[in-house]
Amino acid sequence: MSLEIPAKLCTRLSRPPPSSCVWQLSQEEEHEDSAEVTWEDQQRINSFSKLNTRLRGIEEKIQELKQEKEALDDISMELELADEDEPVMYRIGEAFIHMPHARAVKKLERDLAALNAELEKQTSNAEDCEKQMKELKVILYAKFGRAINLDE
């Protein structure tokens, strides 16, 4: 089995390329990576890919939630220092609304509780994805060894 390398890439090699830029794999290397891919294996690979994509999305969502939680914690500290007699501007969606201090504190506590629940849910989802991915990695690496790369 030979591996054709485009001429553009031949110039980037660290050692001088062969005259035709064709590399021969040894028979050991050729047979080492030649596991047959069955339909079930392909389904496992596809599942792993979907889980990996889902995990990246969940991790991004978790980062956003952590930033939002940090902002709410900062607001909580500011409300502790604020004058209780003056109304507070509280953000709801894209608008800011004047509300009494006590009501703003209660709203903030509810928002923090909802955010913490969502953060726990997303963390649980990420752990489930990682668990399923580990199981698939074990199966796929057992069959394909170095012929498959399931790392980022």
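For the structure itself, consult the block above.
Notes on the structure follow. Only a predicted model underlies this, so the values are computations on that prediction, with no experimental measurement involved.

**Some remarks on helix α4 (residues 101-144)**
Reasoning step 1: Helix length check: α4, at 44 residues, gives a terminal C-alpha distance of 62 Å against a target of 64 Å (1.5 Å per residue), a fit within 8%.
Reasoning step 2: Just past α4, the residue G145 takes up positive phi, approximately 55°.

**Some details on the nonpolar core**
Reasoning step 1: Judged by nonpolar contacts, the single largest core of 24 residues is most densely connected at A104 and L108.
Reasoning step 2: Considering every element that reaches this core, the biggest residue donor is α4, with eleven residues.

**Topic: helix α3 (residues 39-81)**
Reasoning step 1: Spanning 43 residues, α3 covers 63 Å between terminal C-alpha atoms, matching the ideal 63 Å at 1.5 Å per step.
Reasoning step 2: Every buried residue of α3 is accounted for by D41, F48, L51, L55, I58, I62, L65, L72 and L79.
Reasoning step 3: Next to the buried residues of α3 lie β3 (88-92) and α4.

**Focus: the side chain of H101**
Reasoning step 1: Along the chain, H101 falls in helix α4.
Reasoning step 2: The buried category is assigned to H101, whose relative accessible area is 8%.
Reasoning step 3: Sequence-distant contacts of H101, defined by excluding residues within four places in its chain, comprise L79, A82, D83, E84, E86 and V88.

**What about the pairing of β3?**
Reasoning step 1: Strand direction decides the pairing type here: β3 and strand β4 (residues 95-99), joined by five bridges, are antiparallel. Looking at β4, one finds that R91 is bridged to F96.
Reasoning step 2: Two successive antiparallel strands, β3 and β4, enclose a turn made up of two residues, where G93 displays a positive phi of approximately 70°.

**With respect to the pattern of salt bridges**
If charged atoms from side chains of opposite charge come close, those side chains can pair.
Reasoning step 1: In this structure the tally under the stated criterion is seven salt bridges.
Reasoning step 2: In this structure, R44 and D41 form a salt bridge, with 3.1 Å as the shortest nitrogen-oxygen distance. Remark: D41 and R44 occur in helix α3; sequence separation between them is three residues, near one turn of the helix.
Reasoning step 3: Here D41 falls in the buried class, since its relative accessible area comes to 3%.
Reasoning step 4: E59 serves as the salt-bridge partner of R56, at 2.7 Å between the closest nitrogen and oxygen. Highlighted residues: R56 and E59, both in helix α3, separated by three residues, approximately one helical turn.
Reasoning step 5: Owing to a relative accessible area of 25%, R56 belongs among the partly exposed residues under this scheme.

**Quick word on a negative patch on the surface**
Reasoning step 1: On the surface, a cluster of negative charge is contributed by D83, E84, D85 and E86.
Reasoning step 2: Topologically, D83 is positioned in the loop between α3 and β3.
Reasoning step 3: Under the relative-accessibility criterion, D83 is labelled partly exposed at 42%.

**Concerning the packing of α3 against α4**
Reasoning step 1: α4 packs onto α3 with a crossing angle of 155° between their chain directions and a minimal axis gap of 7 Å. One finds that α3 runs roughly antiparallel with respect to α4. In this structure, α3 meets α4 at a crossing whose hand is left-handed.
Reasoning step 2: Looking at the contact of α3 with α4, its residues break down into 23 nonpolar, nine polar and 14 charged.

What counts, and at which threshold
Residues numbered from 1 in each chain as written. Predicted model: local features only at pLDDT ≥ 70, side-chain atom pairs only at ≥ 80, totals over all residues. Heavy atoms only, no water. Helix = DSSP H or I, 4+ residues; strand = E, 2+ residues; numbered from the N terminus. Expected span 1.5 Å × (residues − 1). Core = buried A, V, L, I, M, F, W, Y, C linked by side-chain atoms within 4.5 Å. Buried < 20%, exposed > 50% of the residue type's maximum accessible area, 1.4 Å probe, protein only. Contact = heavy atoms within 4.5 Å. Pairing = 2+ DSSP bridges. Salt bridge = Lys/Arg side-chain N within 4 Å of Asp/Glu carboxyl O. Patch = residues over 30% accessible without salt bridge, like charges linked within 9 Å, V, L, I, M, F, W, Y side chains within 5 Å. Areas by Shrake-Rupley, 256 points an atom, 1.4 Å probe, with all protein chains shown as cover. Lys, Arg positive; Asp, Glu negative; His and termini not counted. Charge placed at Lys NZ, Arg CZ, Asp CG, Glu CD. Axes fitted to C-alpha atoms, helices over the stretch in contact; angles between N-to-C directions. Parallel < 35°, antiparallel > 145°, perpendicular 65-115°, else oblique. Left-handed = near helix turned anticlockwise from the far one by under 90°. Nonpolar A, V, L, I, M, F, W, Y, C, P; charged D, E, K, R; others polar.

The values reported here are purely geometric and, on their own, carry no functional implication.
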